[in-house]
Amino acid sequence: MRIGELAGIVGITTRAVRHYHRIGLLPEPPRQPNGYREYALRDAVELARIRRLTELGLSLDEVRDVLAGDAGRDLVEILTELDADLSRQEEAIRRRRARLGRLLEQAGPTGRLPAEAPVSPELGALFDDMARAAARLPGPEPVMAARERELLALLETGAPGGDRGPFHAVGRGFRDDPDAMRRAYEVYARLDDLAEAAVDDPRVEETARAVVDILPDEVVRDLGVPGDAEAPGEAGGFMDALLAEFAPAQAAAVCRAIELLEERAR
């Protein structure tokens, strides 16, 4: 039979048959005097087996190993490995679907997710609270509020060992105090006002103290406090990159707030 008939019997394309020839998976019969290749029933049997194996999920390299094995011994080994791999994939899919389900639950009330999504349900709830607070403002949301959401999402993503406790503590702190979010937005507005201020502006100290005042003791304890605060340009690493995002007076207020938090934590 010709290649088209062979492919038709097995239910694959002639292109696939030629590909199997090129990679050495299916022996290529010699050409007849008329220039055509003639395939035997044995070729159809081997090609059908190749199709069945690939439909099980084996790669072509694995199929080659099976065809080269004896008495099906290699096939059992490979199928066992394939089954274990599929089991791992199933578990990964279950975890992904569970996370997607939680995200869809977050979107339920409004039909939307925060721009920083996907985040944990706890952080998503905090962002929802922030969105409601921003909607009550007479003007646009402070720039610092959006920056804080980005920072919280970043820190939660990189939390060692997936420890999200400190970020959940922030959300609890705001939920436990109905007035806390309003005061937080007042602080965001104060930080925005420092965008064009000088580093020695008295509002730097006032804003730093306002930042510290809105954080309950239990939140400060759960969050932990960074090492000694340093001036902009001296902190190095992540802190240096963070401070570089702020105007000089804003960075000074952040550093001063960290100093005050260290004093409070002692």
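Residues numbered from 1 in each chain as written. Predicted model: local features only at pLDDT ≥ 70, side-chain atom pairs only at ≥ 80, totals over all residues. Heavy atoms only, no water.

A. Summary view of the environment of aspartate 129. For aspartate 129, the position within the fold is in helix 6 (residues 121-135). Exposure remark for aspartate 129: the relative accessible area of 18% places this residue in the buried category. Sequence separation of aspartate 129 and methionine 181 is 52 residues, and the distance between their C-alpha atoms is 7.7 Å. (Helix = DSSP H or I, 4+ residues; strand = E, 2+ residues; numbered from the N terminus. Buried < 20%, exposed > 50% of the residue type's maximum accessible area, 1.4 Å probe, protein only.)

B. View of helix 1 (residues 3-10). Buried within helix 1 are the following residues: Ile3, Leu6, Ala7 and Val10. Burial along helix 1 is one-sided: seen end-on, the buried residues are contained in an arc of 95 degrees. Exposed side of helix 1, more than 90 degrees from the buried face: Gly8 and Ile9 are the residues found there. In this structure, the buried side of helix 1 is in contact with helix 2 (14-22) and helix 3 (41-55). Backbone geometry just after helix 1 places glycine 11 at a positive phi near 90 degrees. (Arc of directions from axis to C-beta. Contact = heavy atoms within 4.5 Å.)

C. Broad picture of the packing of helix 1 against helix 2. For the pair helix 1 and helix 2, interaxial distance at closest approach is 9 Å and the crossing angle is 105 degrees. For the element pair helix 1 / helix 2, the angle class is roughly perpendicular. Residues Ile3, Gly4, Leu6 and Ala7 of helix 1 lie in contact with helix 2, whose contacting residues are Thr14, Val17 and Arg18. Broken down by class, the residue content of the contact of helix 1 with helix 2 amounts to four nonpolar, two polar and one charged. (Axes fitted to C-alpha atoms, helices over the stretch in contact; angles between N-to-C directions. Parallel < 35°, antiparallel > 145°, perpendicular 65-115°, else oblique. Nonpolar A, V, L, I, M, F, W, Y, C, P; charged D, E, K, R; others polar.)

D. Geometry of the nonpolar core. Core analysis: the biggest nonpolar cluster contains 40 residues, and Leu126, Met130 and Tyr185 have the highest contact counts within it. Elements with a contribution of two residues or more to this core: helix 6, helix 7 (143-157), helix 9 (180-193), helix 10 (202-213), helix 12 (237-244) and helix 13 (248-265). For this core, the leading source of residues is helix 13, giving ten residues. (Core = buried A, V, L, I, M, F, W, Y, C linked by side-chain atoms within 4.5 Å.)

E. Structural view of the pattern of salt bridges. A complete count under the given rule lists 17 salt bridges for this structure. Close ionic contact of arginine 95 with glutamate 91 constitutes a salt bridge, the shortest N to O distance being 3.7 Å. Of this pair, arginine 95 and glutamate 91 both sit in helix 5 (residues 73-107), four residues apart, which is roughly one turn of the helix. Through salt bridges that share partners, Asp179, Arg182, Arg183 and Glu186 make up one connected network. (Salt bridge = Lys/Arg side-chain N within 4 Å of Asp/Glu carboxyl O.)

F. Structural detail: the packing of helix 3 against helix 4 (residues 60-68). Two elements in contact, helix 3 and helix 4, have axes separated by 10 Å at closest approach and are oriented at 130 degrees. With respect to each other, helix 3 and helix 4 are oriented oblique. Handedness of the crossing formed by helix 3 with helix 4: right-handed. Residues Glu46, Arg49, Ile50, Leu53 and Thr54 of helix 3 lie in contact with helix 4, whose contacting residues are Leu60, Val63, Val66 and Leu67. Looking at the contact of helix 3 with helix 4 residue by residue, the class counts come to six nonpolar, one polar and two charged. (Left-handed = near helix turned anticlockwise from the far one by under 90°.)

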